[in-house]
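Overview (structure and organization)
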Number of protein chains: 2
Amino acid sequence: MTLATLDTPAALIDQARMERNIARMQQRMNALGVNLRPHVKTAKCIEVARAQTAAGASGITVSTLKEAEEFFRAGYTDILYAVGMAPSKLMRALALRSQGCALKLVVDNADAAHAVAQFEHAHKAGFEVLIEVDTDGHRAGIRPQQDALLAVGRLLHEHGVKLAGVMTHAGASYELHSPEALAAMAEQERAGCVLAAQRLRAAGLPCGIVSVGSTPTALAARKLDGVTEVRAGVYVFFDLVMHNVGACALDEIALSVLATVIGHQQEKGWVLVDAGWMAMSRDRGTAGQQHDYGYGLPCTLDGTPLDGWIMSGANQEHGILSRAPGAAAPAEAEDLRARFPIGTRLRILPNHACATGAQFPEYFAVSETGATAAWKRFYGW
Amino acid sequence: MTLATLDTPAALIDQARMERNIARMQQRMNALGVNLRPHVKTAKCIEVARAQTAAGASGITVSTLKEAEEFFRAGYTDILYAVGMAPSKLMRALALRSQGCALKLVVDNADAAHAVAQFEHAHKAGFEVLIEVDTDGHRAGIRPQQDALLAVGRLLHEHGVKLAGVMTHAGASYELHSPEALAAMAEQERAGCVLAAQRLRAAGLPCGIVSVGSTPTALAARKLDGVTEVRAGVYVFFDLVMHNVGACALDEIALSVLATVIGHQQEKGWVLVDAGWMAMSRDRGTAGQQHDYGYGLPCTLDGTPLDGWIMSGANQEHGILSRAPGAAAPAEAEDLRARFPIGTRLRILPNHACATGAQFPEYFAVSETGATAAWKRFYGW
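Rules used in this analysis
- Residues numbered from 1 in each chain as written.
- Chains lettered and ligands numbered in written order.
- Predicted model: local features only at pLDDT ≥ 70, side-chain atom pairs only at ≥ 80, totals over all residues.
- Heavy atoms only, no water.
- Helix = DSSP H or I, 4+ residues; strand = E, 2+ residues; numbered from the N terminus.
- Rg over C-alpha atoms; globule rule 2.2 N^0.38 Å.
- Buried < 20%, exposed > 50% of the residue type's maximum accessible area, 1.4 Å probe, protein only.
- Least-squares fit on C-alpha atoms with pLDDT ≥ 70 in both.
- Contact = heavy atoms within 4.5 Å.
- Phe/Tyr/Trp six-rings, centres within 6.5 Å; stacked < 30°, edge-to-face > 60°.
- Lys NZ or Arg CZ within 6 Å of the ring centre and 35° of its normal.
- Domains from an automatic or database assignment.
- Buried area = accessible area lost by both parts, 1.4 Å probe.
- Salt bridge = Lys/Arg side-chain N within 4 Å of Asp/Glu carboxyl O.
- Polar contact = N/O pair within 3.5 Å; in protein donor to acceptor, adjacent residues only side chain to side chain.

What follows is about the overall build of chain A. Along the backbone of chain A there are twelve helices and 17 strands. Taking 381 residues into account, the globule formula puts the C-alpha radius of gyration at 21 Å, and chain A, at 22 Å, falls close to it. Each principal axis of the C-alpha atoms in chain A carries an extent, and together these give about 75 × 40 × 35 Å. For chain A, the residues scored as buried account for 64% of the 381 residues in total.

Here we take up the relation of the copies chain B and chain A. Superposing chain B onto chain A takes a rotation of 180° plus a shift of 0.0 Å along the axis, which leaves an RMSD of 0.0 Å. Read as a symmetry element, the transformation amounts to a two-fold axis. Identified as the residue of chain B closest to the rotation axis by C-alpha distance is B:R282, at 2.4 Å. A share of 100% of the interface residues of chain B reappears at the interface of chain A, consistent with the copies meeting face to face through the same patch.

What follows deals with the packing of aromatic side chains. The relation between two aromatic rings is expressed through the spacing of the ring centres and the mutual angle of the planes. All chains considered together, the criterion is met by 13 aromatic pairs over all chains. Look at A:F71 and A:Y76: their rings are 5.8 Å apart centre to centre, the planes differ by 75°, and that puts the pair in the edge-to-face class. Take A:F71 and A:Y76: they sit in the same class, and that class is buried. A cation over a ring is seen here: A:K268 above A:W270, with NZ or CZ 4.7 Å from the ring centre. Across the ring face of B:Y295, the terminal group of B:R284 is positioned such that the distance to the ring centre comes to 5.6 Å.

On to unusual backbone geometry, then. Each neighbour pair has its own omega, and for A:T8 with A:P9 the value is -5°, a cis peptide bond. With phi around 80°, A:S281 is a residue other than glycine that occupies positive phi space. Checked against the element boundaries, A:S281 lands in the loop between helix 10 (277-280) and strand 12 (297-299). Positive phi is not limited to glycine here, since B:K124 has a value of about 45°.

Turning our eyes to something else, we now look at the domain arrangement of chain A. All names here are of chain A. Under the domain assignment used here, chain A contains domain 1 (17-234) and domain 2 (250-376). For domain 1 versus domain 2, the separation of C-alpha centres amounts to 34 Å. Taken together, the contact pairs 14 residues of domain 1 with 13 residues of domain 2. The contact between domain 1 and domain 2 buries some 1,200 Å² in all, and 52% of this surface belongs to carbon and sulfur atoms. It is R17, T42 and E47 in domain 1 that bury the most area against domain 2; as a group they hold 39% of the surface buried on that side. In this structure, the connection of domain 1 to domain 2 is made through one salt bridge. For E252, the salt bridge goes to R24, with nearest N and O atoms at 3.5 Å. Counting across the interface, domain 1 meets domain 2 through four residue pairs in polar contact (both at pLDDT 80 or more).

Take the interface of chain B and chain A next. By a widespread convention, an interface's size corresponds to the accessible area lost as its parts come together. The interface of chain B with chain A comprises 60 residues on the first partner and 60 residues on the second. Across the chain B/chain A interface, buried area totals approximately 5,100 Å², and carbon plus sulfur atoms make up 52% of it. Per-residue buried area on chain B facing chain A is highest for B:R139, B:Y379 and B:W381; these three make up 16% of the total on that side. Summed over the shared surface of chain B and chain A, the number is ten salt bridges. Its salt-bridge partner being B:E267, residue A:R143 comes within 2.8 Å of it at the nearest N-O pair. Run the count over chain B and chain A and you get 29 residue pairs in polar contact (both at pLDDT 80 or more).

So this is what it looks like as C-alpha cells:
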C-alpha cells in the first residue's frame with residue numbers, strides 16, 4: 001500500500017522523522033547523564049517503543065495497566081505506571097508482578113500508601129513504589145516541602161514496602177513557549193524533585209530513583225544534577241502544540257492523518273475531507289496558543305504545509321479546510337475544485353499526537369521510499 | 001461484575017434510560033408518519049442497534065464503510081453511508097454490494113457523481129445514490145435552489161445510476177436551545193429537503209427517499225410532510241450537549257464513565273480521578289453553551305449529579321473534579337478526603353456521547369438490578 005492507495009483516513013508515521021526525534025532526545029539525555037524512560041502512552045505501539053529502546057532508552061513509562069500488560073507481553077519488564085495507584089487496581093498489578101514484571105507504582109497520599117502497604121502485607125507482591133511530587137501545581141503530587149512527603153515515605157518503608165524513589169511531571173510546561181521560561185520550569189522540576197529525594201534520604205529513607213519529565217522540560221533542561229531518569233512521551237512524534245511551545249519545527253512532526261477531498265463549498269472557501277474529529281480527535285490544544293491551527297494543519301502528500309490553511313471545523317467524519325483567520329487571501333479568487341479536485345489526498349498534522357493516535361487501530365509507518373508498514377496500536381484499559 | 005468491581009475507567013450504558021430514549025424517538029417518528037433510520041455512528045455497537053430495530057427502526061445510517069461492513073455482518077442490509085463518497089472507496093463499497101448489501105451512497109457534486117457513474121458503468125454495482133442537500137449552511141450539500149442539484153441528478157440518472165432520493169442534515173441545530181428556534185430549524189430542514197425532491201421530480205427524475213435528520217430537529221419537528229425518513233443518532237444515549245440544547249433531561253443521559261478517586265489537592269478543592277481525556281474524549285462541546293460542564297458532570301454511583309461539581313480539567317489519564325466556576329461554595333470548607341475517600345467510585349456524564357463512546361473497546365450495559373453485560377464497540381475505518 002502507498003499513500004495513493006491506503007484507505008482514508010489513516011494515521012501515518014514518517015519513520016525518518018520519528019527516528020530523528022528519538023535520536024535527538026536520546027542524545028540530549030546522554031549529554032545530561034540521565035536515563036531516558038520513554039512514556040509509551042503517546043504511541044501505544046510496540047514497534048515505536050522498540051525504536052526508542054534501540055536508541056538507548058531504558059525501561060518504559062505507562063499510563064494504564066493495559067499498557068503495562070501489552071508491553072510486558074512484548075518483553076518489557078522495567079515498567080513505571082505513572083498514575084496514582086487506585087487500591088482496586090492492585091490485584092491486576094499483582095498478576096504482572098507474579099509473572100516477573102518489575103512494575104513500579106506511584107502514590108501521593110497516605111490513604112493510597114496505606115492500601116499498598118496492606119496489600120503488600122497480604123500478598124508479598126514486591127512492588128517498588130515511588131512517591132509523586134508536585135513541582136508545578138499542575139495536577140497530582142505532594143509538594144517537596146510538605147510534611148506529608150516524609151509521612152508517606154515512612155508509612156511505606158515501615159510497612160516493608162520498597163520505597164524506590166520520587167517522581168514528578170511538570171505538565172505546566174505545555175503552557176509556556178519561551179526558551180527562558182522552559183529552562184526555568186525544567187530547573188524548577190529538577191530542583192523540586194531533588195529536594196524531595198534529599199528530604200527522604202535525610203530522614204533515613206531510601207530514594208534511589210529521582211524521575212522527572214515532560215517533553216518540553218526534557219529538551220529545555222540545562223543540567224539535571226541529582227536526577228536519575230527522565231520521562232517524556234510526545235517527542236517521539238511531536239505535534240502542533242509542541243511546535244507552539246517551541247519544542248520542535250513543523251518538519252519534525254512525525255504523525256499525520258491521510259485524508260481525501262470529498263467536496264467543496266466554493267462560496268465559503270471550504271474544502272471538505274473525509275477526516276473529521278473521529279480521526280483528528282477533539283483536541284483543540286492550539287486554541288489557547290500563539291498560533292491556532294483549528295483541528296490541524298493541512299499539508300500536501302510530501303508533507304509541505306499548505307500555507308495559511310487550517311482544518312477550521314470538524315464533524316465526526318467531515319473535516320472543513322479553509323484559510324485561517326488572518327491568513328493573507330490569494331490575489332485572485334481560487335477555484336477550489338481545480339486546486340483540490342475530488343479525490344485529492346492530503347496529510348493533516350495534528351494538534352496533539354497522543355490524542356490523534358488514540359483514534360486509530362493502526363499506524364502506517366512510511367519509509368523514505370514511500371513504502372508503508374502497518375504497526376498495530378492498542379487501546380482501552 | 002458490578003459497578004463496585006469493574007476496572008475503571010469503564011463506559012456504562014444505563015439500559016433502562018437507553019430503552020426509554022429509543023421508545024421516545026420511535027413514538028415521535030411513528031406519530032409524524034416517517035421511518036426512523038438510526039445513525040449507528042454514536043454507539044458502533046450491535047446490541048444497541050438491535051434495540052433500536054426491535055423498537056421499530058428501519059434500516060441504519062453509517063458514517064464509515066467499516067460500520068457498514070460490521071453491521072452488514074450482523075444482518076443489517078439497508079444501510080445509508082451518509083458521507084460524501086470518495087471515488088477511492090468505491091471498490092470497498094462494491095464488495096458489500098456484491099454480497100447483497102443494499103448500500104446507499106451520497107454525493108453532493110458533479111465530480112463525485114461522475115466517478116460513481118463511471119464506476120457503475122464498469123462494475124454494474126447497482127448502488128442507490130442520494131444527493132446531499134444543504135439546508136443550513138453547516139457543512140456539505142447542494143442548496144435546494146441551485147442548478148447543480150438538477151445537473152447532478154441528471155448526470156446520475158442518465159448514466160444509469162439509481163437515483164434514490166435526497167438527504168440533508170441540519171447540524172446547525174446543535175447550536176440552538178429554544179424550542180421555537182429548534183422547531184424553526186426542523187421546518188427549514190424539512191422544507192429545504194422536500195423542495196429539492198420536488199425540483200428533481202419536476203425535472204422528470206426519480207426521488208423516492210426524502211431523508212432528513214439530527215436528534216434536535218427530529219425531536220422538535222411539528223410536521224414532516226413530504227419526508228420519508230429521519231436519521232438521528234445521539235438520542236440513543238443523549239449527553240450534556242443535548243441537555244444544553246434542550247433535547248433531554250439530565251436523568252435521560254444513558255452513557256456515563258465509571259471512575260475511581262485516586263487523589264486530592266485539598267487547598268485547590270480538587271478531587272483527582274482515573275478518568276482523564278482518554279476516557280471522556282477531548283470534546284468540550286458544552287464550552288460554548290449555556291452551561292459549561294468542563295469535561296463532564298460527576299454523579300454518585302446511582303446517577304445523582306454532584307450539585308455544582310464538574311470535571312474542570314483533564315490530562316490523558318487524570319481527571320480533575322472541582323466546583324464549577326460560579327457554583328455556590330459550601331458553608332464550611334469541605335474535607336475532600338473525607339467526602340471522596342481514595343477508591344470512591346463516581347459516574348461522569350459526558351459532553352458528547354459519540355466522542356466519549358469512541359474511546360472504549362466495550363460498554364458495560366447496566367440493568368436495573370445492577371448486573372452488567374459487556375457489549376463490544378468497534379472502531380477504526
